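Secondary and tertiary structure notes
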Amino acid sequence: MTRIVTRPVPADPARQLHQQGIAPLMARLYAARGIADAAEVDYGLKGLLPYHSLKNIQPMAARLADAIAARQRLLVVADYDADGATACAVAVKGLAALGAVIDFIVPNRFEYGYGLTPEIVELAAQSRPDIIVTVDNGIASVAGVEAANARGIEVLVTDHHLPGDTLPAALIVNPNQPGCEFPSKNLAGVGVMFYVLMALRAELRARGAFQQQAEPNLGELLDLVALGTVADVVKLDRNNRILVDNGLRRMRAGRMAPGIAALFRVAGRAAHKANAFDLGFTVGPRLNAAGRLDDMSLGIACLLAGDETQALTLAQELDRLNRERRSIEHGMQDEALAVLSGIDAEQRYTLSLYRDDWHQGVVGIVASRLKEKYHRPAIVFAPGDEGEIKGSGRSIPGFHLRDALDLVYKRHPQLILKFGGHAMAAGLTIAEARFDEFAAAFESVARQLLDSNTLTRTLETDGPLSGRELSLAVAETLAAEVWGQGFAAPTFHDDFHIVSQRVVGDKHLKLRLEKDGVQCDGMLFNQVEWLPQTINAVYQLAANEWQGRKELQIYIQHWRQPG
């Protein structure tokens, strides 16, 4: 069952936005998303939150400046997802531009797991660094930092994840650490590193480092910051929207890293029309494929590539890995659905699945697909180390996945060997022999925390559009905004008359729709059964370009019979 609700629109903010010069439809959309002043959708870089309130950022900038002056060797230790890869590229490019001696390593997820572990420190020590700089990890690396300190290697932690009860013995910049007063807690790991570079540049400026040379333009890194921010699905508050908007502008102007340009090219997307959807659903997955199936060093090398030829070669390999990832994912999803066909998923509050031939790098994506299909928290496991299995979970609104796992951990000591994450996604390790016990414990916790209302899928829309608003101009206006997590892309719902319909590509419906005398094309993906003559549809507008011609197209997300 799916419930369709309309976002409430506060009248006063909508009116004020319109009086400030914003068109009525956009004023309505912004007001429904908590915007009350036109200044909140001004994405000039001058609107970025200053770095000064990030706890420890000035001591870290001073320490890095000292290291640069002393020619100490810095080694970046990165995470193996798109945020970690872009954060690593930003760190390497930015620190090198500011004069550092810099290199990087990234753990292979299948050999070392996540974060700065003692094993990674041992690997890092082979490069003989003076300082390790973590990006997009480190806040939970208590043992790893201890191992580094024991070897005489200093650690500087830059991260954005939630801390545990104990912090590592290192200098930490993380907006989510205790005592940090930075107003936005939503920076991605790449955003945190970008802020560290801004503070470092200011420190070097104060020391007179740029009297004989030009200051590096850190704005040249914003394409990487935008990609990592969107791909990590952090909340797009105003500060993140500023970072993403300016990165997208660089891409549209052709001033992006050769690696990002190559990823657009192999994905068949036009970089001059780049939007947040492209970053989240075409470029980001190709970068992530390296960490899921192989080694994220390949993805970082693509982002750091200095010329188009090298970048294209690496991007083509990432594209191949992404196709392989999709094939593995589809096979696992089909197998998971076959397992679930034997049970009534509607009577369950959670879905926990495991097979000993599933791929560890793809379990999170499969969990996400199951969550979307059944609107239930889902955790999918694959084999890990000997006798252990590793799971990746995705949740639904109203169910904090990490907190739920914490309850299981406290009620059943030793059942979960380790876990971490946040409200909507989490990872964990358990003993293979205790999978059934875990599934029952997780289901029991969910039955205490969830109810039928939470388990009913809700589609929140922005209501109907007039025939006049069903236009290419409106679609292009919407495409220019930075929509994403926490700042949802507009969806609408209306009754449409089906003028014509046909199957295309053997699995999609191509439609001609009519409302209030206005006709336009529509697409309903992954359905071949014909629709009734009139439908009530939840949809998005798109500016479709084909053979040099642009036209409005409607993408239908959900439909039902009117009434």
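These notes cover the structure that comes with them.

About the cut-offs
- Residues numbered from 1 in each chain as written.
- Predicted model: local features only at pLDDT ≥ 70, side-chain atom pairs only at ≥ 80, totals over all residues.
- Heavy atoms only, no water.
- Helix = DSSP H or I, 4+ residues; strand = E, 2+ residues; numbered from the N terminus.
- Rg over C-alpha atoms; globule rule 2.2 N^0.38 Å.
- Buried < 20%, exposed > 50% of the residue type's maximum accessible area, 1.4 Å probe, protein only.
- Contact = heavy atoms within 4.5 Å.
- Areas by Shrake-Rupley, 256 points an atom, 1.4 Å probe, with all protein chains shown as cover.
- Lys, Arg positive; Asp, Glu negative; His and termini not counted.
- Charge placed at Lys NZ, Arg CZ, Asp CG, Glu CD.
- Salt bridge = Lys/Arg side-chain N within 4 Å of Asp/Glu carboxyl O.
- Polar contact = N/O pair within 3.5 Å; in protein donor to acceptor, adjacent residues only side chain to side chain.
- Pairing = 2+ DSSP bridges.
- Axes fitted to C-alpha atoms, helices over the stretch in contact; angles between N-to-C directions.
- Core = buried A, V, L, I, M, F, W, Y, C linked by side-chain atoms within 4.5 Å.
- Parallel < 35°, antiparallel > 145°, perpendicular 65-115°, else oblique.
- Left-handed = near helix turned anticlockwise from the far one by under 90°.
- Phe/Tyr/Trp six-rings, centres within 6.5 Å; stacked < 30°, edge-to-face > 60°.
- Expected span 1.5 Å × (residues − 1).

1. Side note on the overall build of the protein
Across its full length, the protein holds 18 helices and 17 strands. For a compact globule of 563 residues, the expected C-alpha radius of gyration is about 24 Å, and the protein comes in at 24 Å, within 12% of that figure. Structurally, the protein occupies a C-alpha span of about 75 × 60 × 50 Å along its principal axes. Counting only residues that meet the buried cut, the protein has 53% of its 563 residues in that class. Intrachain contacts of the protein at a sequence separation of at least 6 include 66% that bridge at least 24 residues. For the protein, the exposed surface amounts to about 24,400 Å²; the carbon and sulfur share of it is 48%. Positive and negative side-chain charges in the protein, numbering 58 and 66 respectively, have mean positions lying 4 Å apart.

2. What to know about the side chain of R394
In this fold, R394 is placed in strand 9 (residues 388-394). Buried charge R394 goes without a salt bridge, the closest partner of opposite sign being E372 at 8.2 Å. A polar contact of 3.0 Å, which involves the side chain of R394, links it to the side chain of S392. Every residue in contact with R394, bar those within four places of it in the chain, is listed here: G364, A367, S368, K371, R376, P377, A378, L401, M424, A425 and A426.

3. Thoughts on the sheet that holds strand 7 (residues 351-354)
Spatially, the five strands line up as an open sheet ordered 7-8-9-11-10, and their pairing is mixed. A single partner strand is all that each edge strand has here, and the edge strands are strand 7 and strand 10 (416-421). If you compare each strand with its neighbour and ignore which way they point, the axes differ by 15° on average. As judged from the four bridges shared by strand 7 and strand 8 (residues 378-383), these two strands associate in the parallel manner. Residue pairing for strand 8: L353 is matched across the bridge by V380. Of the strands in this sheet, strand 8, strand 9, strand 10 and strand 11 (425-431) are in contact with helix 16 (residues 401-411), which crosses strand 10 at around 160°.

4. Points about the nonpolar core
L370 and L541 are the most contacted members of the largest nonpolar core, which totals 144 residues. If you tally residues by element for this core, the top one is helix 8 (residues 189-206), at 12 residues. If we ignore the near neighbours within four places in the chain, the residues touching L370 are A336, L337, L340, L351, L353, H375, A378 and V380.

5. With respect to the packing of helix 4 (residues 82-97) against helix 8
It is the contact of helix 4 with helix 8, at a shortest axis distance of 8 Å, that shows an interaxial angle of 15°. In terms of axis orientation, helix 4 runs roughly parallel to helix 8. Helix-helix and strand crossings are classified by hand; for helix 4 and helix 8 the assignment is right-handed. Counted together, D83, T86, A87, V90, A91, G94 and L95 of helix 4 and G189, V190, M193, F194, L197 and L200 of helix 8 form the full contact between these two elements.

6. As for the environment of P258
The residue P258 is located in helix 11 (residues 258-267) in this model. Spatially, the C-alpha atoms of P258 and D521 are 35 Å apart, while their sequence positions differ by 263 residues. Those residues within four positions of P258 in sequence are excluded, and the remaining contacts are A305, G306, D307, E308 and A311.

7. Notes on the packing of aromatic side chains
Going through the model one piece at a time under the given rule, you end up with 14 aromatic pairs. Ring geometry for Y354 and F435: centres 6.0 Å apart, planes at 50°, overall tilted. Here the residue Y354 occupies a position in strand 7, and F435 occupies one in helix 17 (residues 435-449), the gap between them amounting to 81 residues. Ring centres of F381 and F438 lie 5.6 Å apart, and the angle between their planes is 75°; this geometry places the pair in the edge-to-face category. Highlighted residues: F381 in strand 8 and F438 in helix 17, separated in sequence by 57 residues. According to the relative accessible area criterion, F381 is buried, its value standing at 0%.

8. Considerations on the pattern of salt bridges
Throughout the structure, instances matching the rule amount to 30 salt bridges. Two residues, E154 and R63, come together in a salt bridge whose shortest N-O distance is 3.0 Å. Taken together, the residues span a long stretch of sequence, with E154 in strand 5 (residues 154-158) and R63 in helix 3 (residues 57-69) at a distance of 91 residues. The exposure class assigned to E154 is partly exposed, which follows from its relative accessible area of 29%. Its salt-bridge partner being E203, residue R207 comes within 2.8 Å of it at the nearest N-O pair. A cluster of three or more residues bridged by salt bridges with shared partners is formed by R7, R33, E460 and D462.

9. A word on helix 14 (residues 308-340)
Relative to the 48 Å expected for 33 residues at 1.5 Å per residue, helix 14 spans 46 Å between its end C-alpha atoms, a close match to the ideal helical length. A distance of 3.1 Å separates the backbone nitrogen of T309 from a side-chain oxygen at the start of helix 14, and that oxygen is part of D307.

10. Regarding the sheet that holds strand 13 (residues 492-504)
Spatial ordering of the closed barrel is given by 13-14-15-17-16, a layout of five strands whose pairing is mixed. Shown here is a sheet whose adjacent strand axes are inclined to one another by a mean of 45°, direction ignored. Note that strand 15 (residues 518-524) and strand 17 (residues 549-560) share three bridges and pair parallel. Residue pairing in the sheet places M523 in a bridge with Y555 of strand 17. Taken strand by strand, helix 18 (residues 472-479) contacts strand 13, strand 16 (534-546) and strand 17, and its axis lies near 75° from that of strand 16.

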